[in-house]
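# A closer look at the structure
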Amino acid sequence: DCFKILKKIEKKFNIIKFFPYALGKENEKLNFNRSLSSKTSQASSFYNPTEFYKINQKHALSKRVIDTVEVFRLDSQKNYFYLKDFKNIFLHLDVEGYELNVLKGSKYLLDNIAIISLEYSNRLFDKSYTIDELNNQIKKTHKFLCALGKPMTNNDGVILVQDLVWLDNNFK
């Protein structure tokens, strides 16, 4: 079981926190489209894959089941964080098109997040967001730093997925 291994890592390092539930902009229950292509399929999401995604990635065509999952705002979990005057949180998001919602649910913790790293999915889900929407959500506290590695592209060179990093505005 993966979560058991993650809990061992958490205990060993004592500065890492894994959450056994979904994060979003509200504390609520939502339907989650779980792809049956593999246990960790990128095609699993709160959103539906677009035709663009289905054309470019075969796993997006896989069968799905709908699971109802509990979603929490990251802000509502602030008791897990050792909040100080300095920035002490590294937030990495790989939530298949739901990154903007997680950031909206983190707005009261943004002042404590030193680095935000996320996987941006371009036009892969029916409720996709733009880079500008991401920047607008966090620009008061963070500035864009860089893209990590080479993006995943389709045969026409259109970026499908890219890892992006933002840094706290006051980082020295």
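Just so we're clear, the structure is a prediction, and the values are computed from it rather than from any experiment.

### Overview of the pattern of salt bridges
As enumerated under the stated definition, the model contains 4 salt bridges in all. R34 is the partner of D67 in a salt bridge, and the nearest nitrogen-oxygen pair spans 2.6 Å. Taken together, the residues span a long stretch of sequence, with D67 in strand β3 (residues 64-72) and R34 in strand β2 (residues 28-35) at a distance of 33 residues. Since its relative accessible area comes to 26%, D67 is described here as partly exposed. Note that E51 and K54 form a salt bridge whose closest N and O atoms lie 3.5 Å from each other. Of the two residues, E51 and K54 are both situated in helix α2 (residues 51-56); the distance of 3 residues between them amounts to about one turn of the helix. Judged by relative accessible area, which is 26%, K54 ranks as partly exposed.

### Some thoughts on the nonpolar core
Counting 35 residues, the largest nonpolar core has L74, L103, I116, L118, L124, L134 and W166 as the members making the most contacts within it. Contributions of two or more residues to this core are made by β1 (22-23), α2, β4 (89-93), α3 (99-104), β5 (113-121), α4 (131-138) and β7 (159-168). When neighbours within four sequence positions are excluded, W166 is seen to be in contact with A114, I115, I116, L118, L134, N135, I138, H142, K143, F144 and L145.

### A short note on the pairing of strand β6 (residues 142-153)
In summary, the side chains of a regular strand alternate between the two faces of the sheet. Strand direction decides the pairing type here: β6 and β7, joined by 8 bridges, are antiparallel. If you follow A147 over to β7, its bridge partner there is L164. Taking the residues that link successive antiparallel strands as the turn, the β6-β7 hairpin has 5 residues, and the phi of G157 there is positive, at about 85 degrees.

### So, the confidence of the model for the protein chain
Here the protein chain shows a mean pLDDT of 87. Residues at 70 or above account for 93%. When mean pLDDT is compared element by element in the protein chain, α3 scores highest at 95, while helix α1 (residues 2-13) scores lowest at 85.

### Looking at the sheet that holds β2
Adjacent strands of a sheet pair through backbone hydrogen bonds, lying either parallel or antiparallel. The strand order β1-β3-β2 describes an open sheet built from 3 strands, whose pairing is mixed. For this open sheet the edge positions go to β1 and β2, each flanked by a neighbour on one side alone. Here 2 bridges tie β1 to β3, and the two strands are oriented parallel to one another. Bridged to L23 within β3 is F72.

### Looking at the sheet that holds β5
Pairing is mixed across the open sheet formed by 4 strands, whose spatial order is β4-β5-β7-β6. The outermost strands of the open sheet, each flanked by one partner alone, are β4 and β6. The average undirected angle you get between the axes of adjacent strands in this sheet is 15 degrees. As paired elements, β4 and β5 share 5 bridges and run parallel to each other. Looking at the pairing, I89 lines up with I113 of β5.

### Regarding a nonpolar patch on the surface
A cluster of nonpolar residues, I5, I9, F13, I15 and I16, forms a patch on the protein surface that exposes about 490 Å² of accessible area. Within the secondary structure layout, I16 lies in the loop between α1 and β1.

### Brief notes about the packing of aromatic side chains
Under the counting rule described, the total for this entry stands at 7 aromatic pairs. Taking the centre distance of 5.4 Å and the plane angle of 75 degrees together, the rings of Y53 and F125 count as edge-to-face. Taken together, the positions of Y53 in helix α2 and F125 in the loop between β5 and α4 put the pair 72 residues apart, joining distant regions of the chain. As far as the burial class goes, Y53 and F125 line up, both buried. Centroid distance F144 to W166: 5.4 Å. Interplanar angle 75 degrees. Geometry classified as edge-to-face.

Definitions and limits used
- Residues numbered from 1 in each chain as written.
- Predicted model: local features only at pLDDT ≥ 70, side-chain atom pairs only at ≥ 80, totals over all residues.
- Heavy atoms only, no water.
- Salt bridge = Lys/Arg side-chain N within 4 Å of Asp/Glu carboxyl O.
- Helix = DSSP H or I, 4+ residues; strand = E, 2+ residues; numbered from the N terminus.
- Buried < 20%, exposed > 50% of the residue type's maximum accessible area, 1.4 Å probe, protein only.
- Core = buried A, V, L, I, M, F, W, Y, C linked by side-chain atoms within 4.5 Å.
- Contact = heavy atoms within 4.5 Å.
- Pairing = 2+ DSSP bridges.
- pLDDT = per-residue confidence, 0-100.
- Axes fitted to C-alpha atoms, helices over the stretch in contact; angles between N-to-C directions.
- Patch = residues over 30% accessible without salt bridge, like charges linked within 9 Å, V, L, I, M, F, W, Y side chains within 5 Å.
- Areas by Shrake-Rupley, 256 points an atom, 1.4 Å probe, with all protein chains shown as cover.
- Phe/Tyr/Trp six-rings, centres within 6.5 Å; stacked < 30°, edge-to-face > 60°.

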